[in-house]
Amino acid sequence: MLNFKSLAKFHRLGQFRVLSIFARVALVLVLGAVCAPANAAAPYLDCSLSGTGNSLDAGSINVPANAAPGSTIKSIAPVNFTADCSPTVDSTNDKAIFTFAIKTVQPVKGYTDVYPTNIDGIGVRYTFNGPWQCDASKVALANSSVNVTCSGITGSAGSRFSFSLSVTATVVITGATSGGSSSLTTVPVITSKYADYAIWGSSFGLPDLYTGATTGTLTQVTCSVSQPKLTVPLPTVHSSVLSAGVGATAGSQAFALSLQCSPGAKVFITLTDSINPTNLSNTLQLTADSTAKGVGIQLLNAGSPVMFGADSAATGNKNQWLIGDSVAGPMQVPLTARYISTGTVSAGTVKALATFTMSYQ
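Residues numbered from 1 in each chain as written. Predicted model: local features only at pLDDT ≥ 70, side-chain atom pairs only at ≥ 80, totals over all residues. Heavy atoms only, no water.

Draft legend 1. Examining the overall build of the protein chain more closely. Per the secondary structure count, the protein chain includes one helix and 21 strands. A total of 361 residues make up the protein chain; the buried ones form 38% of that total. In the protein chain, 80% of the contacts between residues at least 6 apart in sequence involve partners at least 24 apart. Accessible surface computed for the protein chain: about 18900 Å², of which carbon and sulfur atoms make up 58%. (Helix = DSSP H or I, 4+ residues; strand = E, 2+ residues; numbered from the N terminus. Buried < 20%, exposed > 50% of the residue type's maximum accessible area, 1.4 Å probe, protein only. Contact = heavy atoms within 4.5 Å. Areas by Shrake-Rupley, 256 points an atom, 1.4 Å probe, with all protein chains shown as cover.)

Draft legend 2. Molecular detail of the sheet that holds strand β18 (residues 304-305). If you walk across this open sheet you meet the five strands as β14-β15-β20-β17-β18, and the pairing is antiparallel. Edge positions in the open sheet fall to β14 (223-225) and β18, since each of these has one partner strand only. Of the pairings in the sheet, the one linking β14 to strand β15 (residues 249-261) comprises three bridges and is antiparallel in character. Bridged to V225 within β15 is L259. (Pairing = 2+ DSSP bridges.)

Draft legend 3. The sheet that holds strand β19 (residues 321-325), seen in detail. Strand order in the open sheet made by the three strands is β19-β16-β21, with antiparallel pairing throughout. Two strands in the sheet have a free side with no partner beyond their single neighbour: β19 and β21 (354-360). Taking the axes of each pair of neighbouring strands and ignoring which way they run, one obtains an average angle of 30 degrees across the sheet. As judged from the seven bridges shared by strand β16 (residues 266-273) and β21, these two strands associate in the antiparallel manner. Residue pairing in the sheet places L271 in a bridge with F356 of β21. (Axes fitted to C-alpha atoms, helices over the stretch in contact; angles between N-to-C directions.)

Draft legend 4. Broad picture of the pattern of salt bridges. In total, this model carries three salt bridges according to the counting rule given. Residues R160 and D84 are paired through a salt bridge, measuring 2.9 Å at the closest nitrogen-oxygen approach. Here D84 lies in strand β4 (residues 79-87) and R160 lies in the loop between β9 (145-155) and β10 (161-173), a separation of 76 residues in the sequence. With its nearest N and O atoms 3.0 Å apart, the salt bridge here joins D113 to R125. Taken together, the residues D113 in the loop between β5 (91-102) and β6 (115-116) and R125 in strand β7 (residues 122-129) connect sequence positions twelve residues apart. Taking the relative accessible area as the measure of exposure, D113 reaches 17% and is therefore buried. What makes R125 buried here is its relative accessible area of 18%. (Salt bridge = Lys/Arg side-chain N within 4 Å of Asp/Glu carboxyl O.)

Coordinates in, geometry out; function isn't part of it.
Structural data, given as structure tokens:
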């Protein structure tokens, strides 16, 4: 009996001790539940950025002959991005600080705001413009990073506030470039993040503005024109020499286009009828002040009439033809001009105009 009673007392004490332990645990849990909502209520901005993940379309880029380092050779159309922020508590004149940074690469040596591309001697500069509520007014991304502060985000919790940023990429000469044509395929990636107005030192990642993928063709202009304007006088002929009918020719006069070139490219040329740029035939249309009738002008290359084409340096332009490999120094394109009958010929003055466009490939 005594043993039984003493066991009973021990059992009750054990229950009391267990209950006391559980009571202490419950108290700790209650205190923890009180602290959590206080952390959740800390004010912050929830921001997103749309228009991200772009590739850069540089199009066709011509590098002028002997372009000096630092020269801008093309500004690419701006790309627009929209930031959308929402405060988690009622707010007055809040702000978000966006940081845009070049990923992994450093500026080209000698520059603070120009970054390398996949082509030697060609770099890119990124300029930010935030016209509304943002302090970036044509700010270049320099030393791999730029901060853009956008303020005036005011409203009740959950309300939305949007603003826009635009980024312009410019292509810059940074050194010597190779002659001919090259494909622009890679530019630096621009990463982005933001810090909200309250939790200084805290930042939140956003998608990349540019993926680094690029399309474009860069062509080194290899030749300059020695004679920007060339007049070719044709001999006077009697209308009777063209009376044999349409296609009869007379009065040939040789001349040459003179160029000054550097080596490294294949040089192509397109001749264009200035009076009728859509003319794809082998006969130039006469100017309005010409008084002769039934006559046109042909230009010949190595004895064959030249077919005219559009004023374009694009590779494969219709009726574009190869002059040859560029040389270091003077280069000439020998041609011949002559009359051709296009109908019933009557005497008078004859005048035609043509331009030529070089393409380096």
